[in-house]
Amino acid sequence: MKDNSRPLQHLISSKQLNRELIKKIFGKAEYFENSNSVNKKPLVGKVVACIFYEPSTRTRLSFESAALRLGAAVISTESASHFSSAVKGETIEDTIRIISGYADAIVLRHYKEGAAEVASRFSTVTVINAGDGSGEHPTQALLDLYTIKKELGRIDGIKIGLVGDLLYGRTVHSLLRLLNLYKNIKIYLVSPKELRIPEEIRTFLIEKKADFKEIEDLSTILNDIDVLYVTRIQKERFKSKKKYESLKASFQINNSVLRKLKNKAIIMHPLPRVTEISFEVDSDKRAAYFRQAKNGLFVRMAILDLMLGED
Ligand code: NCD
């Protein structure tokens, strides 16, 4: 049932978040991270539906694990494009109307930008955007930010280089909106010309007077940044295979990059990686991406607790 007293009825975009809410989510995430088992099961009796129309490992399984650890039951379809009634031609509107009769929250991943927003209009229960095409991925941005805070001890004042597919990479879009909430952030947007951030995000950054620079050469910023945030070139979003082939090897983080990177810097990646980070980087203490993925569990527990729990 709709409950207008909650701070967040749906989580569709990072635009909905502010520092106070993020602080609350991080406080809960820290609590879940530090208590081996959650004694109190705040979501007993609730049902969380994970409906994924696109592939996922981390997002779906960490959401499911988070829900189960909080005492909720989980129903899911991991390949909704093939195994749900979408195959028979059912619209997302109808599917969501139906599922909202069975669950207390819908975690939705869809290949179309804007799908989560549409779903939220047809759902009578909480909708959480787990990635909508090349639009947004707000829960990833929250876990990214949580990782930065945990690894560096601060968010204000950091210098971050976002590298790779900034055009189609939804995690970057959501993270840029969140970074804007913090002070003195220096942002380097590093990509080939063809994969620069979408116009809408650029306009947002300009309007917010963000300190950002769009560049193509990663080597010029390596001794300046605290966070190197690497992304996969999003093969599935390209209309032309040839174009993808020409851009897929745009960046490669390897030992020679590590040598130029600050000692205290961290390397992040929402994962999965393909070739953009060499395996040799994994053993470096600055490689934070596996720790980052693990943080996803605690942050998603916090999000579910905030959105579905009692307090
Ligand atoms: C990302 C996504 O799905 O947008 N993965 C994730 O959720 N951790 C990044 C990607 O697929 O490249």
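The structure under discussion appears in the preceding block.
Definitions and cut-offs
- Residues numbered from 1 in each chain as written.
- Predicted model: local features only at pLDDT ≥ 70, side-chain atom pairs only at ≥ 80, totals over all residues.
- Heavy atoms only, no water.
- Core = buried A, V, L, I, M, F, W, Y, C linked by side-chain atoms within 4.5 Å.
- Buried < 20%, exposed > 50% of the residue type's maximum accessible area, 1.4 Å probe, protein only.
- Contact = heavy atoms within 4.5 Å.
- Pairing = 2+ DSSP bridges.
- Helix = DSSP H or I, 4+ residues; strand = E, 2+ residues; numbered from the N terminus.
- Axes fitted to C-alpha atoms, helices over the stretch in contact; angles between N-to-C directions.
- Near = heavy atom within 4 Å.
- Polar contact = N/O pair within 3.5 Å; in protein donor to acceptor, adjacent residues only side chain to side chain.
- Areas by Shrake-Rupley, 256 points an atom, 1.4 Å probe, with all protein chains shown as cover.
- Phe/Tyr/Trp six-rings, centres within 6.5 Å; stacked < 30°, edge-to-face > 60°.
- Arc of directions from axis to C-beta.
- Right-handed = clockwise from strand over helix to strand, strands pointing away.

S.K.: Just to check I follow, could you spell out the nonpolar core for this structure?
M.R.: Side chains that are nonpolar tend, in soluble globular proteins, to be buried together. Counting residues in hydrophobic clusters, the biggest one holds 62 residues, and the most contacted among them are L142, I160 and L162. Contacts of L162, omitting those with residues within four sequence positions, involve V172, L175, L176, I187, Y188, L189, V190 and Y229.

S.K.: Even after reading the chapter, I still don't get the sheet that holds strand β2 (residues 73-77), so can you show me in this structure?
M.R.: Whenever strands of a sheet pair, they do so through backbone hydrogen bonds, lying parallel or antiparallel. The sheet built from 4 strands is open, its strands ordered β2-β1-β3-β4 with parallel pairing. Looking at the sheet topology across the chains shown, the edges are occupied by β2 and β4 (126-132). For this sheet the average axis-to-axis angle between neighbouring strands, irrespective of direction, equals 15°. The pairing of strand β1 (residues 47-52) with β2 spans 5 bridges and is classified as parallel. Across the sheet, C50 pairs through a bridge with S76, a residue of β2. Contacting β1, β2, β3 (105-110) and β4, helix α2 (residues 58-69) runs over the sheet at an angle of about 175° to β1. The strands touched by helix α4 (residues 92-99) are β1 and β3; relative to β3, the strand with the most contacts, the crossing angle is about 155°.

S.K.: Looking at this structure, I do not really get the site of the ligand. What am I missing?
M.R.: The immediate surroundings of the ligand are formed by T59, R109, H137, Q140, R170, T171, R232, Q234, P270, L271 and P272. In this structure, T59 approaches the ligand through a side-chain N or O atom, which is 2.9 Å from an oxygen atom. For the ligand, an oxygen atom lies 2.8 Å from a polar atom in the side chain of H137. Across the complex, the protein chains shield 93% of the 320 Å² of accessible surface that the ligand would expose by itself.

S.K.: What should I look at first to understand the packing of aromatic side chains in this one?
M.R.: For any pair of aromatic rings, geometry is given as the distance between the ring centres together with the angle between the planes. A full pass over the atoms with the stated rule returns 6 aromatic pairs. The interplanar angle of 65° and the centroid separation of 5.3 Å between the aromatic rings of Y168 and F238 together place this pair among those described as edge-to-face. Highlighted residues: Y168 in the loop between β5 (159-163) and α7 (170-179) and F238 in the loop between β8 (227-230) and α9 (241-247), separated in sequence by 70 residues. Residue class for Y168 comes out buried when judged on its relative accessible area of 18%.

S.K.: Looking at this model, I keep getting lost on unusual backbone geometry. Mind explaining?
M.R.: Most of the time, phi is negative for any residue but glycine, and the peptide bond is trans. The amide bond that connects L271 to the next residue, P272, takes the cis arrangement and shows omega of 5°. For P272, the location among the structural elements is in the loop between β9 (266-268) and α11 (289-308). Here K209, not a glycine, exhibits a phi torsion of approximately 55°, which is positive. As for its position among the elements, K209 is in the loop between α8 (199-207) and β7 (211-215). Of note, the phi angle at L271 is positive, near 65°, even though the residue is not glycine.

S.K.: Sorry if this is basic, but what is going on with the sheet that holds β8 here?
M.R.: With parallel pairing, the 5 strands of this open sheet are ordered in space as β7-β6-β5-β8-β9. At either margin of the open sheet sits one strand with a lone partner, and together these are β7 and β9. On average, each strand axis in the sheet is inclined to that of its neighbour by 15°, with strand direction left out of account. Sheet contacts for helix α6 (residues 138-152): β5, β8 and β9; angle to β9, the most-contacted strand, approximately 165°.

S.K.: Looking at this structure, I do not really get the environment of E280. What am I missing?
M.R.: Among the secondary structure elements, E280 is positioned in the loop between β9 and α11. For the pair formed by E280 and I215, sequence separation is 65 residues and the distance between their alpha carbons is 26 Å.

S.K.: Looking at this structure, I do not really get α8. What am I missing?
M.R.: The periodicity of an α-helix, 3.6 residues per turn, causes residues three or four places apart in sequence to face the same way. Three or more residues of α8 are buried, namely I201, R202, F204 and L205. Down the axis, α8 shows its buried residues gathered within 160° of arc, on one side only. Exposed side of α8, more than 90 degrees from the buried face: E199, I206 and E207 are the residues found there. In the segment just after α8, K209 is the residue with positive phi, at about 55°.

S.K.: What is the right way to look at the pairing of strand β6 (residues 186-190) in this model?
M.R.: Each regular strand shows side chains that alternate between the opposite faces of the sheet. Within β6, 5 of the 5 residues are buried, which leaves the element mostly enclosed by the surrounding structure. Of the two faces of β6, the one lined by K186, Y188 and V190 and the one lined by I187 and L189 are each fully buried. At this point the chain moves from β5, through α7, to the parallel β6, and the crossover so formed is right-handed. As paired strands, β6 and β7 are joined by 5 bridges and run parallel to one another. Bridged to L189 within β7 is E214. Crossover handedness for the path β6 to α8 to β7: right-handed.

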